[in-house]
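Structural description and commentary
The chain contents come next:
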Amino acid sequence: RTSITSRYETVYRSTTAQEEAALDVATAREADAALHLLQDASLGALTVYVVPETSSHLPQGINVYVGKHRSALVRAGGGLATLRTRLQQLTQVMSFTASSIAAALSDRLPDGQLGPDARRHLKSSLGYEITFSLLNPDPKSHAVDWDIEDAVNRYVQPVLDKLSLVANFSVDSQILYYAVLGVTPRFDKESSSFLLSAHSLPHVINPVEARLGSSAASLYPVLNFLLYVPERSHSPLYIQDKDGAPVSTNAFHSPRWGGIMVYNVETPASPQASLPLHVDVDMVRVMEVFLAQLRLLFGLSREELPPEFLLESPGNEGLANWELDRLLWAHTVENIATVSTTLTSLAQLLDKIGNIVIKDDVASEVYRAVTSAQSAMAKLAVGHLHSAFQASKEAVTSSERAFFDPSLLHLLYFPDDQKFAIYIPLFLPMAVPILLSLAKIVREARQRKKEPTKMD
């Protein structure tokens, strides 16, 4: 029921002497790296440099270059109308859009207003736990060795350092033996391999999740990334898509849960090879898949771009600075909506209970949540993205403290009808003899009044 509008505050200026020097390089990538040091570092701000139509920075046929920081190069030419069109397309790529708002509020919008992947993204949270699991269902045949600690430090940690503005992260790993997928793959005679079809993939997760045990004692959402080494009797194992074609990564992901990658082991040339076979996992190939799935779970998938656009790869950091801004926008809007829902639910519950006592600390948390949410909306309106996100996090924390306060829980979960149902079986057996005695006393008193009084 709340309308959200977006507006852009645009400022035009000429390039400075330092920016001119930074642009005097051979490639757009070098220009992006040099201009990054001269840009406004505030979150949510974009700097667009209009370069001459004959500029050699952009390759032939490319009119817009999007860097991995907060800047872009746009080729001039075709008049102001063409330039305006390119700038509008650029803001659709690098900034917050209507589809981003719909994805952030996916749990509060009807299905007809959402795209097919709107509910794939993780819900906003103060923290996330990431668990990497190696599943070895046949340890008698395969002795699997994976250097997960080095892989996390080299490939995952730079991404988490970039995402530390969004939430807190913890990373765990485990090896599970004799853990099977729970779905029997189909043998294909033509390729002499086993196949997992797309319609059977949803049935893989539940049996495996029962073995993970990572979400049982977790306060935050858990992201599961599983590396499955097929048993020797079902090897090699390949995943098929809906059209029956093999999936190039041999992996699939589940929205808001994680992903599973099947890692096939090369069969030995000699059938007399001793078991178990020693397997060294290629962590570069595995981490490429897991990081791509991590981006999908956080809603950082690349949308289809016009053919004249060129996007720079974020490199080891995993995401560009402008992608981080989009993520902060989405989580800020979602946090504000979460606070509104939590406080509304709390007010409705408290209105139904007439004899409830609200302590001062609960009231102060409610006031603090409302104030922080209003502050977040005000800061969003003026473009202060970082402070708006921090205020929205404080609002979520305060609203949840108020909703789950121990002084309210026993009253929320024991309304008056439940109290009667609990206490009547206890007091009724005691009340029956007392009521009978009172009735007898009343009867005897009435009889005394009716008897005539003797007069001497």
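Residues numbered from 1 in each chain as written. Predicted model: local features only at pLDDT ≥ 70, side-chain atom pairs only at ≥ 80, totals over all residues. Heavy atoms only, no water.

Quick word on the pattern of salt bridges
For the structure on display, the rule yields seven salt bridges. Between Glu323 and Arg295 there is a salt bridge, with the nearest N and O atoms lying 2.8 Å from each other. Of this pair, Glu323 sits in helix H8 (residues 321–352) while Arg295 sits in helix H7 (residues 283–297), placing them 28 residues apart in sequence. Among the ionic contacts, a cluster of salt bridges with common partners joins Glu365, Arg368 and Arg401. (Salt bridge = Lys/Arg side-chain N within 4 Å of Asp/Glu carboxyl O. Helix = DSSP H or I, 4+ residues; strand = E, 2+ residues; numbered from the N terminus.)

Observations regarding the sheet that holds strand E14 (residues 309–311)
Ordered in space as E1-E3-E2-E14, the four strands form an open sheet in which the pairing is mixed. Each of the sheet's edge strands pairs with one partner strand only, and the pair in question is strand E1 (47–51) and E14. Ignoring which end each strand starts from, the neighbouring axes of this sheet average 15° apart. Sheet analysis places strand E2 (residues 64–66) next to strand E3 (residues 71–75), joined by three bridges and oriented antiparallel. If you follow Tyr65 over to E3, its bridge partner there is Leu73. (Pairing = 2+ DSSP bridges. Axes fitted to C-alpha atoms, helices over the stretch in contact; angles between N-to-C directions.)

A word on the UniProt feature "transmembrane region" (unreviewed entry) in the protein
Feature annotation in UniProt assigns "transmembrane region" (unreviewed entry) to the following positions: residues 420–442. Across residues 420–442, helical content stands at 100% and strand content at 0%; the span's end C-alpha atoms are separated by 28 Å. (UniProt positions renumbered as here; feature names shortened; annotations may be inferred.)

What about unusual backbone geometry?
That bond from Ser235 to Pro236 is cis: its omega, 0°, falls within 30 degrees of zero. Tracing the chain through its elements places Pro236 in the loop between strand E9 (222–228) and strand E10 (237–239). One non-glycine residue, Tyr178, lies in positive phi territory at about 60°. Residues other than glycine seldom take positive phi values, yet Asn250 does so here, at roughly 55°.

A look at the packing of H8 against helix H9 (residues 360–381)
Closest axis-to-axis distance for the H8/H9 pair is 10 Å, and the angle between their directions is 150°. Here H9 runs roughly antiparallel to H8, going by the angle between their axes. Between H8 and H9 lies a crossing whose hand is left-handed. Here Trp329, Thr332, Val333, Ile336, Val339, Leu343 and Leu346 of H8 come into contact with H9, specifically with Val366, Ala369, Val370, Ala373, Ala376, Met377 and Leu380. Considered class by class, the residues forming the contact of H8 with H9 number 13 nonpolar, one polar and no charged. (Parallel < 35°, antiparallel > 145°, perpendicular 65-115°, else oblique. Left-handed = near helix turned anticlockwise from the far one by under 90°. Contact = heavy atoms within 4.5 Å. Nonpolar A, V, L, I, M, F, W, Y, C, P; charged D, E, K, R; others polar.)

Some thoughts on the sheet that holds strand E12 (residues 258–262)
An order of E6-E4-E9-E12-E11 is seen for the five strands of this open sheet, with the pairing classed as mixed. Since the sheet does not close on itself, it has two edges, and those belong to strand E6 (168–177) and strand E11 (251–254), each with one partner. Adjacent strand axes in the sheet meet at a mean angle of 15°, parallel and antiparallel pairs treated alike. Strand direction decides the pairing type here: E9 and E12, joined by five bridges, are parallel. Residue pairing across strands places Phe225 opposite Gly259, the latter belonging to E12. Across the sheet, helix H5 (residues 148–163) touches strand E4 (127–136) and E6, and the angle it forms with E6 is around 155°. Against the sheet, helix H6 (residues 202–212) touches E4, E6, E9, E11 and E12, its axis set at about 100° to E6.

Details of the packing of aromatic side chains
Enumeration according to the criterion identifies eight aromatic pairs in this entry. Judged by centre distance (5.4 Å) and plane angle (45°), the ring pair of Phe225 and Phe290 falls under tilted. Within this pair, whereas Phe225 is found in strand E9, its partner Phe290 is found in helix H7, the two being separated by 65 residues in sequence. An identical accessibility class is assigned to Phe225 and Phe290; each is buried. One aromatic cluster is present, formed by Tyr128, Phe169 and Phe298 through successive ring pairs. (Phe/Tyr/Trp six-rings, centres within 6.5 Å; stacked < 30°, edge-to-face > 60°. Buried < 20%, exposed > 50% of the residue type's maximum accessible area, 1.4 Å probe, protein only.)

So, a nonpolar patch on the surface
A contiguous nonpolar patch, built from Phe420, Ile424, Leu428, Val432 and Leu436 and spanning about 510 Å² of accessible area, is present on the exposed surface. Locating Ile424 in the fold gives a position in helix H12 (residues 416–450). Judged by relative accessible area, Ile424 falls into the partly exposed class, the value being 46%. (Patch = residues over 30% accessible without salt bridge, like charges linked within 9 Å, V, L, I, M, F, W, Y side chains within 5 Å. Areas by Shrake-Rupley, 256 points an atom, 1.4 Å probe, with all protein chains shown as cover.)

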